[in-house]
Amino acid sequence: MSEPLDPVVLQLFEEKEETLPEAHFLIELDARVSRRTRRILLTRIALIAFALLLEVLLGSPVRHSVVGLSDAASATLYSTDNRWLDYLLSPVNSIAGMLGALLVGAHVLHRRLRG
Amino acid sequence: MPSDARHYAEGPEPLIVNLARRGDRAAFSELVRRRQTWLRNLMRRFCNEPSLADDLAQQAFLNAYRKIGQLRDCEKFAAWLKRIAITEWIHHQRRQPDGFHHAHDELPEIAQVDSTATGLDLDSALATLPAPMRLCVVLAYHERLSHREIADLSELKLGTVKTNVRRGAQRLRELLSAYGGVDE
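These figures come from a predicted structure and were not determined experimentally.

Reading the values: rules and limits
Residues numbered from 1 in each chain as written. Chains lettered and ligands numbered in written order. Predicted model: local features only at pLDDT ≥ 70, side-chain atom pairs only at ≥ 80, totals over all residues. Heavy atoms only, no water. Helix = DSSP H or I, 4+ residues; strand = E, 2+ residues; numbered from the N terminus. Buried < 20%, exposed > 50% of the residue type's maximum accessible area, 1.4 Å probe, protein only. Contact = heavy atoms within 4.5 Å. Areas by Shrake-Rupley, 256 points an atom, 1.4 Å probe, with all protein chains shown as cover. Buried area = accessible area lost by both parts, 1.4 Å probe. Salt bridge = Lys/Arg side-chain N within 4 Å of Asp/Glu carboxyl O. Phe/Tyr/Trp six-rings, centres within 6.5 Å; stacked < 30°, edge-to-face > 60°. Axes fitted to C-alpha atoms, helices over the stretch in contact; angles between N-to-C directions. Parallel < 35°, antiparallel > 145°, perpendicular 65-115°, else oblique. Left-handed = near helix turned anticlockwise from the far one by under 90°. 1 Å grid on protein atoms, 1.4 Å probe; cavity = no way out; pocket = protein on both sides within 12 Å on 5 of 7 lines; lining within 4 Å. Points joined across faces, edges and corners; volume = space filled by probe spheres on them. Core = buried A, V, L, I, M, F, W, Y, C linked by side-chain atoms within 4.5 Å. Polar contact = N/O pair within 3.5 Å; in protein donor to acceptor, adjacent residues only side chain to side chain.

### Examining the overall build of chain B
Along chain B, the regular secondary structure elements total 9 helices and 0 strands. Along chain B, helices and strands appear, N-terminal first, in the series α-α-α-α-α-α-α-α-α. By residue count, 51% of the 184 residues in chain B fall in the buried class. For chain B, long-range pairs separated by at least 24 residues make up 62% of all intrachain contacts whose partners lie at least 6 apart in sequence. When the accessible area of chain B is evaluated, it comes to approximately 9000 Å², of which 45% is carbon and sulfur surface.

Have a look at this one:
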């Protein structure tokens with residue numbers, strides 16, 4: 001339990017409270033928020049432009065990598081010798097499917113642990 | 001006044017906070033309008049320089065704008081903003097030459113306190129206290145927080161907080177009575 005406060009000091013704090021003019025403060029803050037938003041947008045545009053430039057100059061390594069990863073992720077883990085069954089099971093019978101299921105499980109566990 | 005601004009002015013705070021969380025800038029502006037007097041007064045108690053206090057208050061609001069998407073409970077906006085403001089002031093203080101060090105025995109003698117004016121007001125008196133002591137006194141007297149709440153916010157030990165509040169208040173009375181501000 002906290003000790004009682006000194007009434008004299010308490011009164012000093014209460015008397016010191018003042019209503020402050022807000023117009024200038026709000027205008028300045030609004031300008032800072034706008035500057036921040038603009039800075040973030042320009043940074044993102046610059047990063048995207050740089051990434052596209054690299055992609056063009058280096059012969060599309062990202063595109064080739066994405067295609068390769070996509071082929072690997074969709075490869076069937078276990079073949080059933082039945083083409084239609086393979087199609088039905090493909091959402092889970094692949095590396096991508098397994099990763100997806102793991103992520104969902106991790107998310108559910110995380111939510112439960114955080115209460 | 002635009003109709004949105006008028007509606008926000010009448011709305012309950014949790015609703016306005018929820019809108020701000022979803023990126024509504026007008027809603028965030030309404031939150032600033034409602035809380036700016038309190039936050040600027042709090043920073044003035046910490047800083048004793050109105051321009052610095054306003055700058056820190058603006059920085060606190062800017063941090064709140066950046067992080068408001070992470071706020072889970074809209075009812076706790078005030079406490080959440082208070083924590084951001086206090087953290088901002090502590091970070092500012094750590095960048096100063098004195099830092100945020102606590103020293104029980106390093107209160108200056110009253111005669112050494114510089115007062116070129118005819119008296120010493122509350123903010124000037126608070127500025128003579130070491131930063132951790134000032135933080136504890138302001139949170140106890142301005143915010144009416146319990147010692148435990150102050151310890152949680154400041155990450156100081158509970159015993160340190162109790163000592164700081166008691167000695168800080170005593171010191172304020174001594175200073176202000178020495179300079180004619182209050183009767184002892």
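### Digging into the interface of chain A and chain B
Taken together, the 28 residues of chain A in the interface contact 37 residues of chain B. Taken over both partners, the interface formed by chain A and chain B buries close to 3300 Å², and the fraction arising from carbon and sulfur atoms is 59%. Together, Phe13(A), Phe25(A) and Arg32(A) form the three largest contributors to the area buried by chain A at its contact with chain B, with a combined 23%. Across the chain A-chain B interface, the total number found is 6 salt bridges. A salt bridge links Lys16(A) to Asp121(B); the shortest N-O distance between them is 3.0 Å.

### Digging into the packing of aromatic side chains
Taken as a whole and judged by the stated rule, the model has 5 aromatic pairs over all chains. Ring centres 6.1 Å apart and planes at 70 degrees place the aromatic pair Phe25(A) and Phe61(B) in the edge-to-face group. Of this pair, Phe25(A) sits in helix H2 (residues 23-57) while Phe61(B) sits in helix H4 (residues 50-67), each in a different chain. The pair formed by Phe25(A) and Phe61(B) is uniform in burial state, with each residue classed as buried. Their ring planes at 40 degrees and their centres at 5.9 Å tell us that Phe77(B) and Trp80(B) sit as a pair that is tilted.

### A short note on the packing of helix H2 (residues 13-21) of chain B against helix H3 (residues 25-47) of chain B
Residue and element names in this part refer to chain B. At a closest axis distance of 8 Å, the pairing of H2 and H3 adopts a crossing angle of 135 degrees. Overall, the two elements H2 and H3 adopt an arrangement that is oblique. Handedness of the H2/H3 crossing: left-handed. Contacts between H2 and H3 pair Glu13, Ile16, Val17, Leu19 and Ala20 from the former with Ala27, Phe28, Glu30, Leu31, Arg34 and Arg35 from the latter.

### Digging into the layout of surface pockets
When its volume is computed, the second largest pocket comes out at roughly 160 Å³. Leu26(A), Leu29(A), Asp30(A), Val33(A), Arg25(B), Phe28(B), Ser29(B), Val32(B), Arg33(B) and Tyr65(B) together form the lining of the second largest pocket. Put simply, the parts of the chain that give the lining of the second largest pocket at least two residues each are H2 of chain A together with H3 of chain B. Looking at the lining of the second largest pocket element by element, the count peaks at 5 residues for H3(B).

### Brief notes about the pattern of salt bridges
Here the idea is simple: oppositely charged side chains can pair when their charged atoms come close. A complete count under the given rule lists 15 salt bridges over all chains for this structure. Taking the shortest distance from any N to any O, the salt bridge between Asp30(A) and Arg25(B) comes out at 3.1 Å. One end of the pair, Asp30(A), is in helix H2; the other, Arg25(B), is in helix H3, on a second chain. Given a relative accessible area of 35%, Asp30(A) falls into the partly exposed group.

### Focus: the nonpolar core
Phe13(A), Phe46(B), Trp89(B), Tyr141(B) and Leu172(B) are the most contacted members of the largest nonpolar core, which totals 66 residues. A per-element tally of this core places H3(B) first, with 10 residues. Setting aside chain neighbours within four positions, we find Phe46(B) in contact with Trp89(B), Arg134(B), Leu135(B), Val138(B) and Leu139(B).

### Some words on the side chain of Glu143(B)
All names here are of chain B. Looking at the secondary structure, you find Glu143 in the loop between helix H7 (131-141) and helix H8 (147-154). Its relative accessible area of 13% is what places Glu143 among the buried residues. Among the polar contacts made by the side chain of Glu143, one reaches the side chain of Lys82 at a distance of 2.9 Å. Residues within four places of Glu143 in sequence aside, it is in contact with Trp38, Leu42, Lys82 and Val138.

In short, geometric facts, not functional conclusions.
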